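# Descriptive analysis of the structure
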Amino acid sequence: MGRKRKDAEAEEQFSQPTQASQMAIPEGEIEKFADELCRFVLLQEHTKKPIAKADLKQKVLPDRQDRTGKIMKQIIARANEKLMHIAGLELLPDAVAADEENDAEGGQPTQSQAQGSKAQPALKYLLVNKLQGAVTHSPNNADLIYLGFVEAVLQMIMRNQDERMSEEDLMGVWLPKLGLSGNQTLPQHSQKAEELVKRMVAEAYLKKGKMESGAFEYTVGPRALLTRCDANQFHETHVFNPGS
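Analysis parameters
Residues numbered from 1 in each chain as written. Predicted model: local features only at pLDDT ≥ 70, side-chain atom pairs only at ≥ 80, totals over all residues. Heavy atoms only, no water. Helix = DSSP H or I, 4+ residues; strand = E, 2+ residues; numbered from the N terminus. Buried < 20%, exposed > 50% of the residue type's maximum accessible area, 1.4 Å probe, protein only. Contact = heavy atoms within 4.5 Å. Areas by Shrake-Rupley, 256 points an atom, 1.4 Å probe, with all protein chains shown as cover. Pairing = 2+ DSSP bridges. Axes fitted to C-alpha atoms, helices over the stretch in contact; angles between N-to-C directions. pLDDT = per-residue confidence, 0-100. Phe/Tyr/Trp six-rings, centres within 6.5 Å; stacked < 30°, edge-to-face > 60°. Lys NZ or Arg CZ within 6 Å of the ring centre and 35° of its normal. Salt bridge = Lys/Arg side-chain N within 4 Å of Asp/Glu carboxyl O. Parallel < 35°, antiparallel > 145°, perpendicular 65-115°, else oblique. Nonpolar A, V, L, I, M, F, W, Y, C, P; charged D, E, K, R; others polar.

### Let's talk about the overall build of the chain
Each helix and strand in the chain was counted, giving eleven helices and six strands. Every one of the 244 residues in the chain was classed for burial, and the buried ones make up 36%. Restricting to contacts in the chain with at least 6 residues of sequence separation, those with at least 24 account for 63%. For the chain, the accessible surface area stands at approximately 15200 Å², while carbon and sulfur atoms represent 50% of it.

This is how it looks when you write it as structure tokens:
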């Protein structure tokens, strides 16, 4: 009697789907979801803003559980193959946030979790041009002026101590060296310089954080880092060096 019960339990155990089989997803569905992801990120790129991982999942997998994130990783990998083949583009995560998320998934507490004072940053993705010598558009004068401003601010921060700069120094010391104050506008722009700095943060050219003193500081953002070429310029500024 005991043996029959054990055999029945063993048969029931093997008949139940394992976690791995529950996580499996047909190749056809991966293709479908990857196509949807490509379409979504390409339509979003005009905003120039990073896309949160949660938004990607909500758009592509709104009704499917993916607690470990393995399905989403498969979809992003397949979408990147398509994006690279068609347009030389790749969907890349913010490296700092990605490292912290990987640590969290591996069961290791992040520095912010250990301190208990800061929330873990939300993982965001950027669509990055990976082609060498890619053809670039010819921006209008207003865009050229903005890109020049972006590059000037980035270079000032990258050459500053520890590649970071306090908000007070940027607005009160370094922008005036360019002949600007925070409430002045650039030529052909209605936005003030301080508003353009906020735009740089929104577009991930800059990161804004708090120092131990409570004051704010800026560091180079993931878009500027991920889109750097060998000449140490982000790809949008290739227009300034058409011969390179």
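### Here's the deal with the sheet that holds strand E1 (residues 51–52)
Read across the sheet, three strands follow the order E1-E3-E2 without closing on themselves; strand pairing throughout is antiparallel. Every other strand in the sheet has two partners, leaving E1 and strand E2 (89–93) as the edge strands with one partner each. Alignment of E2 against strand E3 (residues 124–129), held across five bridges, turns out to be antiparallel. Within the sheet, the bridge partner assigned to Leu-92 lies in E3 and is Leu-126. Of the strands in this sheet, E2 and E3 touch helix H5 (residues 70–87), which is tilted by about 145° from E2.

### Re unusual backbone geometry
Peptide bonds are mostly trans, and most non-glycine residues show a negative phi. Notably, Asp-162 is not glycine yet its phi reads approximately 60°, a positive angle. Unusually for a residue other than glycine, Glu-163 sits at a positive phi of about 55°. Relative to the elements of secondary structure, Glu-163 occurs in the loop between helix H8 (141–158) and strand E4 (164–166). We classify Glu-163 as partly exposed; its relative accessible area is 45%.

### So, the confidence of the model for the chain
Atom-level detail of predicted coordinates should not be read off regions where pLDDT is low. Here the chain averages 75 in pLDDT, while 68% of its residues score no lower than 70. Taking the mean pLDDT of every element in the chain, the minimum, 43, falls on helix H7 (residues 111–115) and the maximum, 93, on strand E6 (residues 216–220). Predicted confidence for residues 10–22 stays below pLDDT 50, and this span has one contact to residues more than four positions away or in other chains. In the model, residues 230–244 has pLDDT below 50 throughout and makes 32 contacts with residues more than four positions away in sequence or in other chains.

### Describing the packing of aromatic side chains
The full count for this structure, using the stated rule, is zero aromatic pairs. Lys-208 extends its terminal NZ or CZ atom over the ring of Phe-216, reaching a point 4.6 Å from the ring centre.

### Some thoughts on the pattern of salt bridges
For the coordinates displayed, the defined rule picks out nine salt bridges. Between Arg-64 and Glu-29 there is a salt bridge, with the nearest N and O atoms lying 2.6 Å from each other. With a gap of 35 residues between them, Arg-64 in the loop between helix H4 (53–60) and H5 and Glu-29 in helix H3 (residues 27–44) connect regions that are remote in the sequence. With a shortest N-O distance of 3.0 Å, Glu-203 and Arg-199 are connected by a salt bridge. Given the relative accessible area of 25%, Arg-199 is considered partly exposed. Here the salt bridges do not stand alone but share partners, grouping Glu-31, Asp-35, Arg-78, Glu-81 and Lys-82 into one network.

### Some points on the packing of H8 against helix H9 (residues 167–177)
In contact at an axis separation of 12 Å, H8 and H9 are set at 110° when each is read in the N-to-C sense. What the angle tells us is that H8 and H9 run roughly perpendicular. Packed against H8, whose contacting residues are Phe-149, Val-153 and Met-156, the element H9 presents Leu-170, Trp-174 and Leu-175 at the interface. Residue classes in the contact of H8 with H9 are distributed as six nonpolar, no polar and no charged.

### As for the pairing of E3
With two bridges joining them, E1 and E3 adopt antiparallel strand pairing. Following the sheet pairing, Ala-52 is matched in E3 by Lys-124.

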